[in-house]
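Working through the structure, step by step
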Amino acid sequence: MTVSRPNECPPWSPSSWQAYPTTQQPPYPDPAALEAVVGELSRLPPLVTSWEVESLKRQLAEAAQGERFLLQGGDCAESFAACESSAIAAKLKILLQMSLALVHGARRRVIRVGRFAGQYAKPRSSELEARDGVALPSYRGDIVNRPGFTVRERTPDPQLMLRGYERAALTLNFIRALIDGGFADLHHPEYWDLDWVRHSPLATEYQRMVESIGESLRFMETLAGQQVGHINRVDFFTSHEALLLPYEQAQTRQVPHRTGWYNLSTHFPWVGVRTAQPDGAHIEYLRGIANPVGVKVGPSTSPGALLEIADRLDPQREPGRLTLIHRFGAHNIARCLPPLLVAVRDAGRRCLWVCDPMHGNTETVAVAGVPEGVKTRKFSHILAELEQAFEIHRIAGTYLGGVHFELTGENVTECTGGARGIADADLTRAYRSQVDPRLNYEQALEMALLIARRMREGGRT
Ligand code: PEP
Ligand code: CO
């Protein structure tokens, strides 16, 4: 079925992207097997609902107005193996703790969005990976192929989309159950204390913040004469890069009593820098769905291209529809961001601006025993990009309405620096990511506390 859009674009359908130039799509060897999986996936129940999607869109619209702040975070890529209770609970805990710090610092409600329950596909800079004279398809995430360097493991397998859908459902089921069970009750932040917060150099600052929130809550409840019910529950939304288009297409549905099509595999899909060509397949796919959508913006994004993307994705200028996630790197943001802010502002658009201080700050460092070096990010560069982002938005009169991190609730050593001073030589001790390096639990909380402090000192940044 096709739907006409008023802006003279050709008709859109969940599969109309197939007529556009595609990038980063795996070369599935058996088209019939792919089609069978897409058919099966499109009959399975949705993972999220349209009313949750619409609720997030309303909240993002408020963030674009400066009334809320978005915290988006999680793994660079989820792995099927890490779909287990302690890793999922740890991820929720760190996002909750960070959001508590941000609520406290920003004095605004925080929207929590995980990079989870579907963040399984990765863009790669080359189609092939060569080792010792042998070239095989690059590993593109657990939903596409497997990391082992053999023909069998690297051949894209459409069945993995079904495994990914199931893992996403299991993850989401556990998250919903935890939240429903009171895991995120602000009256009981001790539920989500991670063991080693007690050993952290930031423990005192964190405990002080928790106590002050507890006091405010008790004060409000004394005034109101009752428990502040809606504070018992916090919302969690899911997001992932809408990269693997057959997976997204299969879960794009119409729902009773609403017009339009929804991607019901996630609340908030985004398009990465490598696939954000204005006339490419990914923008075509995102154009037709009703979800709020994100677009990554990098050093190669020109003001003209950004406006074209915005016109295609949001011709009606619908509040909450479009989030622009900039990721330039600490050394490029001062040069790259201002012209884009001006272009979007002068076009009369009110988008939500979010800073991803991770993807422009990746580097490879030399480490003894690892000839190819280790991919890492420095805490100081991540923080420096964020601090500049706040300042650049302040000067432009725009609002930085959120942050986007790659992080984990576990004690890994993938990014260097932070309060514990992780050094290059520590990287190999607990490096688990198959793709980009993540802030560990303590670095992530420290980052949130530092941003919160900055927001508090800078007033309404
Ligand atoms: C990502 O968010 O994991 C990613 C690949 O980002 P970008 O498209 O900004 O490089
Ligand atoms: Co990444």
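Residues numbered from 1 in each chain as written. Chains lettered and ligands numbered in written order. Predicted model: local features only at pLDDT ≥ 70, side-chain atom pairs only at ≥ 80, totals over all residues. Heavy atoms only, no water.

**Here we look at the overall build of the protein**
Within the protein, the secondary structure is distributed over twelve helices and 14 strands. Against the 2.2 N^0.38 benchmark of 23 Å for 461 residues, the protein shows a C-alpha radius of gyration of 22 Å, consistent with a compact globule. Out of the 461 residues in the protein, the part that is buried amounts to 58%. In the protein, the proportion of contacts linking residues at least 24 apart, taken out of those at least 6 apart, comes to 76%. Counting only carbon and sulfur atoms, one obtains 52% of the accessible surface of the protein, whose full area is about 18800 Å². A gap of 3 Å separates the mean positions of the 51 positive and 52 negative side-chain charges of the protein. (Helix = DSSP H or I, 4+ residues; strand = E, 2+ residues; numbered from the N terminus. Rg over C-alpha atoms; globule rule 2.2 N^0.38 Å. Buried < 20%, exposed > 50% of the residue type's maximum accessible area, 1.4 Å probe, protein only. Contact = heavy atoms within 4.5 Å. Areas by Shrake-Rupley, 256 points an atom, 1.4 Å probe, with all protein chains shown as cover. Lys, Arg positive; Asp, Glu negative; His and termini not counted. Charge placed at Lys NZ, Arg CZ, Asp CG, Glu CD.)

**Quick notes on the coordination of the cobalt ion (ligand 2)**
All of the protein donors around the cobalt ion (ligand 2) are Cys76 (SG), His359 (NE2), Glu406 (OE) and Asp436 (OD); their distances to the metal are 2.1 to 2.4 Å. For His359, a relative accessible area of 17% corresponds to the buried category. (Donors = N, O, S within 2.8 Å, 3.2 Å for Na, K, Ca; no water.)

**Brief notes about the pairing of strand 8 (residues 268-271)**
On strand 8, burial covers both faces: Phe268 and Trp270 on one face and Pro269 and Val271 on the other are all buried. In the sheet, strand 8 pairs with strand 9 (residues 293-297) via two bridges, with the strands oriented parallel. When the bridges of strand 9 are listed, Trp270 appears paired with Gly294. Crossover strand 8 to strand 9 through helix 8 (residues 281-287) is right-handed. (Pairing = 2+ DSSP bridges. Right-handed = clockwise from strand over helix to strand, strands pointing away.)

**A few points about the site of ligand 1**
Neighbouring residues of ligand 1: 13 residues in total, closest Arg115, Lys122, Val273, Lys296 and Arg327. Arg115 is positioned such that a nitrogen or oxygen atom in its side chain is 2.8 Å from an oxygen atom of ligand 1. Lys296 is positioned with one of its side-chain polar atoms (N or O) 2.7 Å from an oxygen atom of ligand 1. When its residues are assigned to classes, the shell around ligand 1 shows four nonpolar, two polar and seven charged. (Near = heavy atom within 4 Å. Polar contact = N/O pair within 3.5 Å; in protein donor to acceptor, adjacent residues only side chain to side chain. Nonpolar A, V, L, I, M, F, W, Y, C, P; charged D, E, K, R; others polar.)

**Describing the packing of aromatic side chains**
As enumerated under the stated definition, the model contains four aromatic pairs in all. Where Trp12 meets Trp261, the ring centres are 6.2 Å apart and the plane angle is 65°; that geometry is what we call edge-to-face. Of the two residues, Trp12 sits in the segment before helix 1 (31-43) while Trp261 sits in the loop between strand 6 (252-253) and strand 7 (262-263), which places them 249 residues apart along the sequence. Grouping residues by exposure puts Trp12 and Trp261 together as buried. (Phe/Tyr/Trp six-rings, centres within 6.5 Å; stacked < 30°, edge-to-face > 60°.)

**Overview of the environment of Ala423**
Tracing the backbone through its elements, the reader meets Ala423 in the loop between strand 14 (400-406) and helix 12 (441-457). Measuring from C-alpha to C-alpha, the distance between Ala423 and Gly105 comes to 29 Å, with 318 residues separating the pair along the chain.

**What to know about the state of the cysteines**
Scanning the model with the defined rule gives zero disulfides in all. Looking at the unpaired Cys83, the closest cysteine sulfur is the one in Cys76, lying at 18 Å. Judged by its relative accessible area of 22%, Cys83 is partly exposed. Here Cys415 is not cross-linked by a disulfide; its sulfur's nearest cysteine counterpart is in Cys76, at 11 Å. (Disulfide = S-S within 2.5 Å.)

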